[in-house]
Amino acid sequence: MSITSRRKWLIRGLGAAAGVSGLGITARLAARHGLIPPDAATLYGLGGTLTYASHRLITRHSLAREFPRSLISPSPFANPVEPPKEEFRRLQAGGFAAWRLEVGGMAARPASFSLDDLRRMPSRSQITQLVCEEGWSYIAEWTGVPLAHILDSVRTAPRAKFVVYSSADGIWWDSIDMADALHPQTLVTYAMNGSDLPVGFGGPLRMRVPRQLGYKSVKFINRLTITDNLSSFGKGLGSGGPEFGYAWYAGI
Ligand SMILES: Nc1nc2c(c(=O)[nH]1)N[C@H]1C(S)=C(S)[C@@H](COP(=O)(O)O)O[C@H]1N2
Ligand SMILES: [Mo]
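So, here's what we can say about the structure. Numbers given for residues are sequential positions, taken from 1 along each chain in its written order. Chain labels run from A onward and ligand labels from 1 onward, assigned in the order the entries are written. It should be noted that, the model being predicted, local features are given only for residues of pLDDT at least 70 and side-chain atom pairs only at 80 or more, the latter also being counted only at that level, while totals for whole chains, interfaces and linings use all residues. Each side-chain value is derived from all of the structure's non-hydrogen atoms; neither hydrogens nor water enter the calculation.

Points about the site of ligand 1
When we say a residue is near a molecule or strand, we mean one of its heavy atoms is within 4 Å of it. Neighbouring ligand 1 are 20 residues, the closest being Phe77, Asn79, Tyr138, Arg206 and Lys219. The side chain of Trp172 places a nitrogen or oxygen atom 3.3 Å from a nitrogen atom of ligand 1. Identification of polar contacts relies on pairs of N or O atoms within 3.5 Å, with a donor-acceptor requirement for protein atoms, meaning one able to donate a hydrogen and the other able to accept it, and with residues adjacent in sequence counted only if both atoms are side-chain atoms. Note that an oxygen atom of ligand 1 is positioned 2.8 Å from one of the side-chain N or O atoms of Arg206. To be clear on the numbers: accessible area is Shrake-Rupley with a 1.4 Å probe, and residue cover counts the displayed protein chains and nothing else. Within the complex, the protein chains bury 96% of what would otherwise be the 530 Å² of accessible surface of ligand 1. Under this grouping Gly is polar, as are all residues other than the nonpolar Ala, Val, Leu, Ile, Met, Phe, Trp, Tyr, Cys and Pro and the charged Asp, Glu, Lys and Arg. Taken together, the residues that form the shell around ligand 1 break down as twelve nonpolar, four polar and four charged.

Examining the sheet that holds strand 10 (residues 221-227)
Sheets are built from strands that pair by backbone hydrogen bonding, the pairs being arranged parallel or antiparallel. In space, the five strands of this open sheet follow the order 2-1-10-5-6, with mixed pairing throughout. Each having just a single partner strand, strand 2 (111-113) and strand 6 (173-177) make up the two edges of the open sheet. Direction aside, the axes of adjacent strands within the sheet are offset by 20 degrees on average. Where strand 1 (residues 101-105) and strand 10 come together, four bridges link them in parallel fashion. At least two DSSP bridges between two strands are needed for those strands to be called paired. A run of H or I in DSSP becomes a helix once it reaches four residues, and a run of E becomes a strand once it reaches two; helices and strands are each numbered from the N terminus. Note on definitions: angles span 0 to 180 degrees between N-to-C directions of axes, and those axes are lines fitted to C-alpha atoms, for helices only across the stretch in contact.

In structure tokens, the structure reads:
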């Protein structure tokens, strides 16, 4: 089935699935407000769409749980990553002084920020849990700039719908909708537990999206692209994940 016909099938199927699950109103509102995730046409699309739509309709502004300092994990677990590229090692040798975060797409004032530029912006620190889909988790304090502030400073177009973020590893990229992008807990982080963010944990710069599973918190970010349409990014599924069975929307 083509993506378009799967999408039509999905929207029809939503009604049926919703009927049995008692989510009839959610399904109708999902269709009416376009709350259809970009990977809706994949295998898990039906359940994923109902989850995404009901989260957006009911808990759009809810906060991820924040923890007391006493619960910070004494030995947080860093998931292994791809070996860094030559370019990354060169930047690391220079203390990341030349690291840039390029911000473009649907913005009136596209910009390129150094780590110092980001450190001078308003910051937020929060103690949240990182939860991996493989079943482990840890709690840490992350400090960074609310993504909402960066979006505001580049004058994001009002009709923008998503923020795409990519990693200096050249492999990982992902995207979130504006509800998460403008959410106060979504941080472009440069520090963890009071020190510079270690490379193992995604330093020098990592997206932290505490309302979603760990895989949305992409390490080594160097580019943000603001868009109203994800079809030209990768295979048009909103991230690389859905190609490997990881849903684009991973709300927790
Ligand atoms: N660039 C990059 N970002 C990444 C990953 C990765 O391999 N490369 N792994 C993801 C996954 S699956 C998880 S669960 C978390 C792990 O975060 P941690 O190393 O802080 O535990 O990072 C996410 N971000
Ligand atoms: Mo993960």
